[in-house]
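These are the residues of each chain, in order.
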Amino acid sequence: MARTTTGRRRDQVHHQPDIARAAQLIADPSRARMLKALGDGRALAAGVLAAEAGVSAATASAHLGKLVGAGLVRMESVGRCRYYRLAGPDVSLALEALAVIAPPLPVTSLRASSTAGALRRSRTCYDHLAGRLGVDLLEALLRGGLLTGHDGTHRPGRSVRDGASGYGHDVDYRLTDTGRTTLAGFGVDLDRLPARRPPIRYCVDWSEQRHHLAGAVGAALTARLFALRWLRHGSTPRVVHVTEDGSDGLAATFGLRPADPEGPTPTD
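Residues numbered from 1 in each chain as written. Predicted model: local features only at pLDDT ≥ 70, side-chain atom pairs only at ≥ 80, totals over all residues. Heavy atoms only, no water.

1. Considering the overall build of the protein
- Along the backbone of the protein there are 11 helices and 12 strands.
- Residues counted as buried form 43% of the 268 residues belonging to the protein.
- Within the protein, residue pairs in contact and separated by at least 24 positions form 62% of the contacts whose partners lie at least 6 positions apart.
- Per element, the accessible surface of the protein, about 13,900 Å² overall, is 53% carbon and sulfur. (Helix = DSSP H or I, 4+ residues; strand = E, 2+ residues; numbered from the N terminus. Buried < 20%, exposed > 50% of the residue type's maximum accessible area, 1.4 Å probe, protein only. Contact = heavy atoms within 4.5 Å. Areas by Shrake-Rupley, 256 points an atom, 1.4 Å probe, with all protein chains shown as cover.)

Okay, structure coming up:
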């Protein structure tokens, strides 16, 4: 059975992390594409992951077996179907961090170019918003007085613990009374957030080099935007689009007007 993220952390207290093994698992292009497809925290069927990786069902099954065995991915059975999801947000954050130093993939088609642009415009970072939409949302929350603590800008020269990607530690964002009232009215139940997870966290967004909202509040707010159908998933995993209703709703509720509602439709 694969170890949980908590189990891996416990092991790392007493042992040096085997970075080479983790890197070897991610280094295979097919497995890397599968992990990226799972980066929004959703569970996907093996067939979907095979299509994303461009490999046969048998090859996908072998790759997924290695990822499950290493504890990077969990398998869930629903009837006769098997679904896979990342073992936890740490795996997604590791992929985001690698994106900072990774050379860009060659653009060989209009679809590849459109997908790259869409990921930078609006995507999920595990279960919360990232990309330009994510950092613009955090900025709107600050501008509207819902959050306080910083201006949302990543300044590498002043950073102490913050890197170019991943969870940030240098800044203490806090919900204001206005923020609590607004989010409660919007349908985010702050009293039912998971106790084990910090309510407010932030990530340094690798593509924008600004902060986006993470933590339990970031996840709950993102889930609410999907529930209202203000956001929709793109045809490529992790890509999200703002719907026309979402564009109007975000403007009215948070003072945020997305630059490109709906985004490209045929090649996202």
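2. Structural notes on the nonpolar core
- Judged by nonpolar contacts, the single largest core of 32 residues is most densely connected at L141, L147, L183, L213, V217, L221 and F254.
- Elements supplying a minimum of two residues to this core: α8 (131–143), α9 (177–186), β9 (201–204), α10 (215–227), β12 (240–242) and α11 (244–254).
- Considering each element in turn, this core owes the most residues, 6 residues, to α8.
- With 21 residues, the next largest nonpolar core counts L25, L44, L49 and Y84 among its residues. (Core = buried A, V, L, I, M, F, W, Y, C linked by side-chain atoms within 4.5 Å.)

3. Things to note about the pattern of salt bridges
- For the structure shown, the criterion picks out 13 salt bridges.
- A salt bridge links D127 to R197; the shortest N-O distance between them is 2.8 Å. On the criterion of sequence distance, the pair formed by D127 in the loop between β4 (123–125) and β5 (128–130) and R197 in the loop between α9 and β9 is long-range, its members being 70 residues apart.
- For R143, the salt bridge goes to E139, with nearest N and O atoms at 3.5 Å. (Salt bridge = Lys/Arg side-chain N within 4 Å of Asp/Glu carboxyl O.)

4. Structural notes on the sheet that holds strand β7 (residues 166–167)
- An order of β7-β9-β10 is seen for the 3 strands of this open sheet, with the pairing classed as antiparallel. Of all strands in the sheet, those with a lone pairing partner are β7 and β10 (211–214), marking the two edges.
- With 4 bridges connecting them, β9 and β10 associate as antiparallel partners. When the bridges of β10 are listed, Y202 appears paired with L213. (Pairing = 2+ DSSP bridges.)

5. Quick look at the sheet that holds strand β1 (residues 44–45)
- Strand order in this open sheet of 3 strands is β1-β3-β2, and the pairing throughout is antiparallel. This sheet does not close on itself; its edge strands, each paired only once, are β1 and β2 (73–78).
- As judged from the 2 bridges shared by β1 and strand β3 (residues 81–86), these two strands associate in the antiparallel manner. Looking across to β3, one finds that L44 is bridged to Y84.

6. Observations concerning the packing of helix α3 (residues 29–37) against helix α5 (residues 57–69)
- Taken N-terminus to C-terminus, the directions of α3 and α5 make an angle of 70 degrees; their axes are 10 Å apart at the nearest point. It follows from the interaxial angle that α3 and α5 lie roughly perpendicular. Of the residues in α5, those in contact with S30, R31, M34 and L35 of α3 are A60, H63, L64, K66 and L67.
- Looking at the contact of α3 with α5, its residues break down into 5 nonpolar, 2 polar and 2 charged. (Axes fitted to C-alpha atoms, helices over the stretch in contact; angles between N-to-C directions. Parallel < 35°, antiparallel > 145°, perpendicular 65-115°, else oblique. Nonpolar A, V, L, I, M, F, W, Y, C, P; charged D, E, K, R; others polar.)

7. Digging into a nonpolar patch on the surface
- Together, L98, V100 and I101 give the surface a local cluster of nonpolar side chains, amounting to about 270 Å² of exposed area.
- Of note, V100 is situated in helix α6 (residues 89–101). (Patch = residues over 30% accessible without salt bridge, like charges linked within 9 Å, V, L, I, M, F, W, Y side chains within 5 Å.)

8. Structural notes on the environment of V171
- Along the chain, the position of V171 falls in the loop between β7 and β8 (174–175).
- Assessed through its relative accessible area of 17%, V171 is described here as buried.
- It is 9.7 Å that separates the C-alpha atoms of V171 and D151, two residues lying 20 residues apart in sequence.
- Excluding its chain neighbours within four sequence positions, the residues that come into contact with V171 are G149, H150, Y202 and H211.

9. A look at the packing of aromatic side chains
- Applying the stated criterion across every chain, the model contains 3 aromatic pairs.
- A centroid spacing of 5.4 Å and a plane angle of 50 degrees characterise the contact between F186 and W230, whose relative ring orientation is tilted. Of this pair, F186 sits in helix α9 while W230 sits in the loop between α10 and β11 (231–233), and the two are 44 residues apart along the sequence.
- Residue classification places F186 among the buried positions, given a relative accessible area of 8%.
- The exposure class of W230 is buried, given its relative accessible area of 13%. (Phe/Tyr/Trp six-rings, centres within 6.5 Å; stacked < 30°, edge-to-face > 60°.)

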